[in-house]
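# Per-entry structural report
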Amino acid sequence: MAPTKKIPSAHPILDAEDFEKIPGALDREPSAFFRLAARALSPKVIIDAMALERLRELARNSAVVYALKHRSVYDLQLLRMKCAEWGLPQPLYAFDLSPHETGSIGKSWRVWKHKLSGLYHERAFPKRVNERVLARIFENGAAAALFLVDEHTSSERFRNPDQDPIKILMDVQGRFIGTIAVLPVSILYDRTPPKSVKTYGDLVLGATERPNLLRRLMLAVRKWTVPELLVGEPTFLMEEFPEFNTDKDFDEAPYAIRSRLLRSINDRIRVNRGPTKLSRTEIKERVLQDPRVQRALSSSDEEPESILRKKAERYVDEIMANQSFQVHHVLYYVLRGLFSKVFDGVDLKESDFSMLKAANGRGSLIFVSCHKSHFDYLLIGFFCFINQMTIPLMAAGKNLSFWPVGGILRCGGAFFIRRSFKGLSLYVHVFAAYLRELLNERTNINFYIEGGRSRTGKLMPPKVGMLGFLLQPLLEGDIADLTFVPTYAAYDQIPEEKSYLSEQAGKEKQAESFSAFLRARNVLKRRFGKVYLRFHEPISFREYCEENGIPLADFMDKTKRNRINDFAYYMMYSMTRVGIVSPVELTSAALICLGASEMSHDEIMENTGLLHTALGAKEVEFAAGLQNRENAIRQALDLCLHRKFITTPQPDVYALNAKARPNLYFYKNSLLNYLWAESLVSLLLTTPSSRLDDLQREFALLKSVSIREIIFNPLKTDEELVEEILESFAAQGWVVRENDSFTVKSAAALNCLGGLMYDILLTYRYVLEHAAHVETNLSAKDFRKVIVNSAKTTFPDDFRRNPPISIVTVGNALGRWSEMGILKYRESKKILVGVGEDELRLENLSLLGRVTGP
């Protein structure tokens, strides 16, 4: 073995003569043999970027003691090497190490010689830990290390508490001028979720958390898991003294501190590996033995209990995920190739994942995602995986459970849910029990609150069924809290755009099937620009209720079920707070907001500037390319030309392709997530009535009419929202306010913003106008044709008065007018059966007529 040498360092303590006599002193760098082995077995160790920065900040203000979870000299030496690489304080002392574990044979001889000398001169062995040396290490900016779980010394700590490393450190803290921070850390080599029953492989290879040499060799060959240094929450020893906290007993503090450090690092490990994995049989049995399921089985008079029990078993098998870490690894390589082939890159923030890891350490996370494409759940799972987080289980529609996709998704972490629970009371209890089991096990879950993919380009109103199932265990006291993470995914181009627009034009939605899956390979022949992925700061449900004075009992009261709706809208509003606007979306809105058939480049740049200003006032994030707006808009226009959305009849003049207008409206609609309120206020300000009380009343009416088209903050009143918008318009110089009246100074700005909601309000107006003149028992599909044909006949050449009619918007209009009592409409069958409420109908017609023109 090559001779060891002193660690090259500026610390003068390393040159002290008595340092080599201390058993735990790490005054020699790792041997050449160890460095060679580490390069072969652990060539790369990663650490979360924000955790690294917090660790550096901690080291600047405190003396650091690394508390490794398990006793491992390999981990300790690897930690030393990585600390030197990352610019962190290196541990120069480790508690409870024998001489041969810390240095050469020569050092072992010097340590024993020192001990024998002490025995001869002092009639006793020297103290195992030299507290004076520890203090000198801390004073010189170095660190120490200890093991939290150490079979070699646990009995000795119990018999002799004064030899507990944490007790010794507290004694040092009592005489040390600065602060000592004990930081729990662990190097995780294998992310395979822990199992409730140990396997034979664990006996042969060692536990995944504590791999033996054979498992280390296997992990090194496998290559797909990169070791990560996990960092928990530090404990500051100064705060453990009675004078700082009279509730703490000084003698009991070491055990309490050790327990706290272990909980912290265990929580961080759970973030990476997930909770202990139960077998499918264990989960199935727990679900079927749920008291609510048992009562449902015994209380039904419709079918024999034996038949119901067989049904319940089939329901569990139909629903349950079968997450496989091996499948995750295979999907990692498949998706990495897929994403690189169809996308130009993914825009996300590493700080988001650091934030998520910190929240996940405190409990499970419920990702509440928007749903624009089938790629959404692939992206979320993929980036959780590569950012060292466990992949959340994903709620998927039962329509996706066809062979072979269903099996792959199930192994990837999908559990399947039926679209309708009507007449399935036993299924409801089984599904609720399954979710309760996942939450009890602190499993991360991802679900789509819109209920399905949005086919209009904007967010759809929330469906609260799944949310109600998730909140039920909390409201019944089975779990303490739930943490929700609003998640926003956006695309320069939606891969399913063509099929969405076909469906909006009236074509029947194609059922998911194996043949459809094979046809989807055509996606691989195109590129769809960039993907944008953002996560909102996690939202604690209990904190949401406490901060807004909402009793939990309100959510259980059937007369106050709107509380769940409000919370759902609040999460969707939070999605818009982390949304991102792409150049294609901004350019599409600028092209069509005025309803012109052609526009000059200067007009387009003016419109994008106005929209950019309005979005900036809302603190909406823009894609990085929009930092140079002129260049980004030109590139977006080139893309629109390439896709034949527009043509150039002459230089710097762009004409809209009538057949491609639905595509532009599709991308324009994404801006409604942020600017729907500004658009409604703009439309109202450009009408003759512009007094504040009239403005607020009419705004509230338009908002109520279009409630199915918008995402709003339920915690903000309409009056507050209107005032906020007016202040913003005044700050931009678009409007001058004199008491309760307004003067428009920039009609261009208001017309541009007003155009965002114009086509939707016009569709609602057309529905209301024609409902009184058509035969009853008309289906929504036929009704849409009536509206489209009427617009084409009445305004054949007017792009503004003849926008593309979306079947979703027509359906929303029919549903909303029905809710308001104006139309008699059987929504479940989409059939119009009559018209009523003439006074309310005329009031709405009058207002819609004013804001959409004669």
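So, here's what we can say about the structure. Bear in mind that the values here come from a model prediction, so they are computed numbers and not experimental data.

### Focus on empty space enclosed by the protein
Inspection of every chain in the model, using the stated rule, returns five cavities of 30 Å³ or more. Roughly 80 Å³ of volume is contained in the largest cavity. Lining the largest cavity we find Lys372, Ser454, Gly457, Lys458, Tyr491, Ile494, Glu585, Phe666, Tyr667 and Ser670. Along the lines of polarity and charge, the residues of the lining of the largest cavity split into four nonpolar, three polar and three charged.

### A look at unusual backbone geometry
Of note, the bond from Trp403 into Pro404 is cis; its omega dihedral lies within 30 degrees of zero at -5 degrees. Among the secondary structure elements, Pro404 is positioned in the loop between β9 (393-397) and α18 (405-412). One non-glycine residue, Lys644, lies in positive phi territory at about 65 degrees. Tracing the backbone through its elements, the reader meets Lys644 in the loop between α28 (629-642) and β18 (646-650). For Lys644, a relative accessible area of 61% translates into the label exposed. For Asn739, which is not glycine, the phi torsion reads 55 degrees and is therefore positive. Along the polypeptide, Asn739 turns up in the loop between β20 (735-738) and β21 (741-744).

### With respect to the sheet that holds β18
On the basis of which strands lie adjacent, the open sheet formed by three strands has the order β16-β19-β18 and antiparallel pairing. The strands lining the two open edges of the sheet, one partner per strand, are β16 (598-600) and β18. Between one strand axis and the next, the sheet turns through 30 degrees on average, direction left out of account. Bridge count for β16 against strand β19 (residues 653-656) is three bridges, and the pairing is antiparallel. Paired with Ser600 across the bridge in β19 is Val653. The sheet contacts of α28 involve β18 and β19, and relative to β18 the element is tilted by about 100 degrees.

### Quick notes on the packing of helix α13 (residues 291-299) against helix α14 (residues 305-319)
It is at 8 Å that the axes of α13 and α14 come closest, and there the two elements cross at 145 degrees. Contacts between α13 and α14 involve Gln294, Ala296, Leu297 and Ser298 from the first element and Glu305, Leu308, Arg309 and Ala312 from the second. Its residues assigned to classes, the contact of α13 with α14 shows four nonpolar, two polar and two charged.

### Things to note about the packing of α14 against helix α19 (residues 425-440)
Between α14 and α19, the least distance of the axes is 10 Å, while the angle of their chain directions is 45 degrees. It follows from the interaxial angle that α14 and α19 lie oblique. By crossing handedness, the relation of α14 to α19 is classed as right-handed. Taken together, the residues of α19 that come into contact with α14 (itself represented by Leu308, Lys311, Ala312, Tyr315, Val316, Glu318 and Ile319) are Leu426, Tyr427, Val430, Phe431 and Tyr434. In terms of residue class, the contact of α14 with α19 is built from 10 nonpolar, no polar and two charged.

About the criteria used
Residues numbered from 1 in each chain as written. Predicted model: local features only at pLDDT ≥ 70, side-chain atom pairs only at ≥ 80, totals over all residues. Heavy atoms only, no water. 1 Å grid on protein atoms, 1.4 Å probe; cavity = no way out; pocket = protein on both sides within 12 Å on 5 of 7 lines; lining within 4 Å. Points joined across faces, edges and corners; volume = space filled by probe spheres on them. Nonpolar A, V, L, I, M, F, W, Y, C, P; charged D, E, K, R; others polar. Helix = DSSP H or I, 4+ residues; strand = E, 2+ residues; numbered from the N terminus. Buried < 20%, exposed > 50% of the residue type's maximum accessible area, 1.4 Å probe, protein only. Pairing = 2+ DSSP bridges. Axes fitted to C-alpha atoms, helices over the stretch in contact; angles between N-to-C directions. Contact = heavy atoms within 4.5 Å. Parallel < 35°, antiparallel > 145°, perpendicular 65-115°, else oblique. Left-handed = near helix turned anticlockwise from the far one by under 90°.

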